[in-house]
Amino acid sequence: MLKVTAKDFGPIVEGTVELKPLTIFVGPSNTGKSYMATAVHAVVNSLNGYGMFPNVRRAFWQRHIIGVDRLWDIPDEGSSAEKAALDWAESINEGQAVPANPRVSDAPPSVRDELNNSALQAIETFQRDALEYIDRVFGGNGSFIRTTGDRSNFQLQIYRKNPLLHSTIELDIGDRHPEVDITQAVIDPLPDIIGEEFLVGRDELDIVTFDEVYSRWIGYINDVILSGFPPESFYFPAARSGISQAYKVIGAELVRQSAPNRGNSPAAHLWLGTISEFVSNLIGLDRRRLRGSRPIELGDPIGFFEAQVVKGKIDMDESSELPLPDIVYVPKWSEADKFTLNQTSSMVSELAPIILFLKHLVRPGDLLILEEPESHLHPAAQRQMARGIVRLVNAGMKVLITTHSDYFLNQVNNLLRISHANEQWLEQHGFDRADCLQREDVSAYLFRWDDNEGGSLIEELTIRPDVGIDDDEFGKVVNDQYEETILVEGIPLK
């Protein structure tokens, strides 16, 4: 899985997190949990959403079909790389022995070098995109740098062991270059005849150019480099309840602030990054919904959230004359009634966008980042929320949460422990195998303020087979409160 290291980032002095299917951040407020969550979000969407390697394919079509300058460095016609690739493909076409699945490591040296250079160039572009995104989220001008830190020390390091990907994001990339291993990428050299010209709308499908071959190879390499990464990340900010209730008004203001005649509005920075993405996705849900029905791939966790947490259905009502539909709640005790979010409890408006995203936008494999999923939830609902999140993980989602709730964390620990139970025990006590959380699927981190460092450090929490996530932070608070209770009970009543 992916590891992300931060140095001098917001309040964070230094620390590393490893993303697993369920990643949990705990710790006091203002210790950098949201900073690190935003960094993870920026990394995933800069790698995938902005698209590294799809640009290579676009460059090919723009170069040959609409005649604009290429966006990426595809080897020129007549280059040594092109000649080596053509000779390699023709030798395969003539029946010379080759591996069953040719890889980059099997290609001629000049071809390997060109492919590796393209991969490095793409990753360097990702580094710039991720840094630019983070800068926008936190208001620009490098305001995300730790105030007592050295600007030159800021770093975000992205590391994956197999296949190797090591990339460092910093204010000045300088001579530092990413490391990437693309040798195992399968690159079909197309055992067709590679011709000298590209025929638009060609009838002879066995005639292709080196540019077309190269762009396809980049697509295969893309799959290797991005293997294990979530296809997309969705960030649910802590303020989602209020945003959900007023998303139509906020959407209109977002458009107004973005108008050219507004210039650099002082309020414009409020709409950058995670909040604007969240609002944009809410606004776009009706369009996605109207494209046609699709299989509900996350039906089990969606059904659990609706039945066990909000006790009703979340949907979109397009009967309104307004341009955007209302998000409505249909309680299970009265299916004939519909309530808009400003008529429901804060718990419903808190969970409504999560449920709608799962129904219409999110796919298995995507990353959900939930700030404080316990917000506005009664402790009993927090426990059910934890079960729903575990069901998401078991349905193939990646989930990262920040939490201040010991109820939530203790329920996660219970779900870790029941993974050792047999089917009879689970059924007897009202659990399902989908509620069971495997220890290897979880990572947990404490963000701890250190006065000596003048910032926070990130510590990995041990996950023990018997008790689950071993977090002394919540235990210390409970113990302090207990001792205070004993103290105040000693005060004589008047």
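The structure under discussion appears in the preceding block.
No experiment lies behind these values; they were computed from the predicted model shown.

A closer look at the pairing of strand β2 (residues 12-18)
Moving residue by residue along a regular strand, the side chains alternate between the two faces of the sheet.
Consideration 1: One ladder, built from six bridges, connects strand β1 (residues 3-9) with β2; its direction is antiparallel. Paired with Lys3 across the strands is Glu18, a residue of β2.
Consideration 2: Once β1 ends, the chain turns through two residues before running back antiparallel as β2, passing Gly10 with a positive phi of about 60°.
Consideration 3: When β2 meets strand β14 (residues 455-460), the two strands line up parallel, connected through two bridges. Residue pairing in the sheet places Ile12 in a bridge with Ser456 of β14.

Overview of the nonpolar core
Consideration 1: Among the nonpolar cores identified, the biggest contains 62 residues, and Ile24 and Ile469 are the most heavily contacted of them.
Consideration 2: Among the elements that line this core, the one with the most residues is helix α10 (residues 346-360), at nine residues.
Consideration 3: With residues near it in sequence (within four places) discarded, Ile469 still touches Ile24, Leu409, Val412, Asn413, Leu416, Val442, Ala444, Leu461, Thr462 and Ile463.

Examining helix α9 (residues 299-309)
Consideration 1: Residues Pro301, Ile302, Phe304, Phe305, Glu306 and Val309 constitute the buried set of α9.
Consideration 2: On its buried face, α9 is in contact with β8 (312-317), α10 and α11 (379-394).
Consideration 3: Once α9 ends, the next one or two residues include Lys311, with phi positive near 55°.

A few points about the pattern of salt bridges
Consideration 1: Under the definition given, this model contains 11 salt bridges.
Consideration 2: Residues Glu132 and Arg136 are paired through a salt bridge, measuring 3.2 Å at the closest nitrogen-oxygen approach. Highlighted residues: Glu132 and Arg136, both in helix α4 (residues 109-137), separated by four residues, approximately one helical turn.
Consideration 3: Taking relative accessible area as the criterion, Arg136 reaches 31% and is therefore assigned partly exposed.
Consideration 4: Between Asp435 and Arg391 there is a salt bridge whose closest N-O contact spans 2.8 Å.

Rules of the game
Residues numbered from 1 in each chain as written. Predicted model: local features only at pLDDT ≥ 70, side-chain atom pairs only at ≥ 80, totals over all residues. Heavy atoms only, no water. Pairing = 2+ DSSP bridges. Helix = DSSP H or I, 4+ residues; strand = E, 2+ residues; numbered from the N terminus. Core = buried A, V, L, I, M, F, W, Y, C linked by side-chain atoms within 4.5 Å. Buried < 20%, exposed > 50% of the residue type's maximum accessible area, 1.4 Å probe, protein only. Contact = heavy atoms within 4.5 Å. Salt bridge = Lys/Arg side-chain N within 4 Å of Asp/Glu carboxyl O.

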